[in-house]
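# Inside the fold
Below, each chain spelled out in residue letters.
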Amino acid sequence: MRVYCAADYNHASRVAANIISAQVIMKPDCVLGLATGSTPIGTYEELIRRYEQGDLDFSGVHSINLDEYRGLSPENDQSYRYFMNTHLFDSINIDKKNTYVPDGLEPDSEKACRDYEEIIRTHGGVDLQILGLGHNGHIGFNEPGSTFEKETHCVTLSETTREANARFFSSMDEVPTEAYTMGIGSIMQAKKIVVIVTGEGKREIVKKAFLGPITPEVQASVLQLHNDVILVGDEAALAGFPR
Ligand code: F6R
């Protein structure tokens, strides 16, 4: 694993955008694995800026998102499809039909997961996977548990995750209880993985994930077994982390 310690959030966002830009330039028809959440917003803003400057072309890029709340429509402003459209896709020249997010409205959870696995498979997997890190060590919505799930599956969100995400909803009751998420197996098959961690709030969990034992209780710890991970953090998150 390589560790890149940036000065602050904006710097970390530029570093992550550099890595994604390099991927898109080197392989214009690449498959990007994308995440939502607060962390990658600055990275996406950087990518938009570079696109507007004429330095990046997303016309051949395909994207596969990690997860989606079960029960939310693409038009719901809390859905991850809505997030991706408004924070990235609407502002770059990616073809929306080449962008994939699990179908939150598919009531048959087995079908939703099967369909998504098929999408991942037919694209030949992800070239570059962007990940944020949950406070409980989750990646995607792979919550602390007794196993590392292989494929896309439906999860019951932990209370800590619901509480962490409640800030985006008007009340705790509105926070969905379930989500569809790519499995750890699919995430681990990405050729390259960039994990972005910023802010003091991630300091403890980043140590647990990358320096602690590999355990399903800290799902991100499995990333220690991947042979091409870049951890991009800022000083606040990486204080005390060996570099
Ligand atoms: C988002 C996702 C989550 C987030 C994680 C960190 O698609 O899969 O695993 O990456 O919850 O969220 P933030 O960046 O808001 O701290």
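Each value, and the rule that gives it
Residues numbered from 1 in each chain as written. Predicted model: local features only at pLDDT ≥ 70, side-chain atom pairs only at ≥ 80, totals over all residues. Heavy atoms only, no water. Phe/Tyr/Trp six-rings, centres within 6.5 Å; stacked < 30°, edge-to-face > 60°. Helix = DSSP H or I, 4+ residues; strand = E, 2+ residues; numbered from the N terminus. Buried < 20%, exposed > 50% of the residue type's maximum accessible area, 1.4 Å probe, protein only. Near = heavy atom within 4 Å. Polar contact = N/O pair within 3.5 Å; in protein donor to acceptor, adjacent residues only side chain to side chain. Areas by Shrake-Rupley, 256 points an atom, 1.4 Å probe, with all protein chains shown as cover. Nonpolar A, V, L, I, M, F, W, Y, C, P; charged D, E, K, R; others polar.

Our focus in this paragraph is the packing of aromatic side chains. One pair of aromatic rings is described through two measures. These are the centre distance and the angle between the planes. In total, this model carries 4 aromatic pairs according to the counting rule given. Between tyrosine 69 and tyrosine 80 the ring centres are 4.8 Å apart and the planes differ by 45 degrees, which places this aromatic pair in the tilted class. One end of the pair, tyrosine 69, is in strand S4 (residues 67-69); the other, tyrosine 80, is in helix H3 (residues 80-87), with 11 residues separating them in the sequence. Comparing tyrosine 69 with tyrosine 80 shows no difference in burial state: the two are buried.

As a further point, take the site of the ligand. Looking at the ligand, there are 14 residues lining it, with Thr39, Asp67, His138, Gly140 and Lys202 nearest. Taking threonine 36, its side chain carries an N or O atom lying 2.8 Å from an oxygen atom of the ligand. With respect to the ligand, the side chain of threonine 39 contributes an N or O atom lying 2.4 Å from an oxygen atom. Against a free-state accessible area of 410 Å², the protein chains account for coverage of 93% of the ligand. Split by residue class, the shell around the ligand holds 3 nonpolar, 8 polar and 3 charged.

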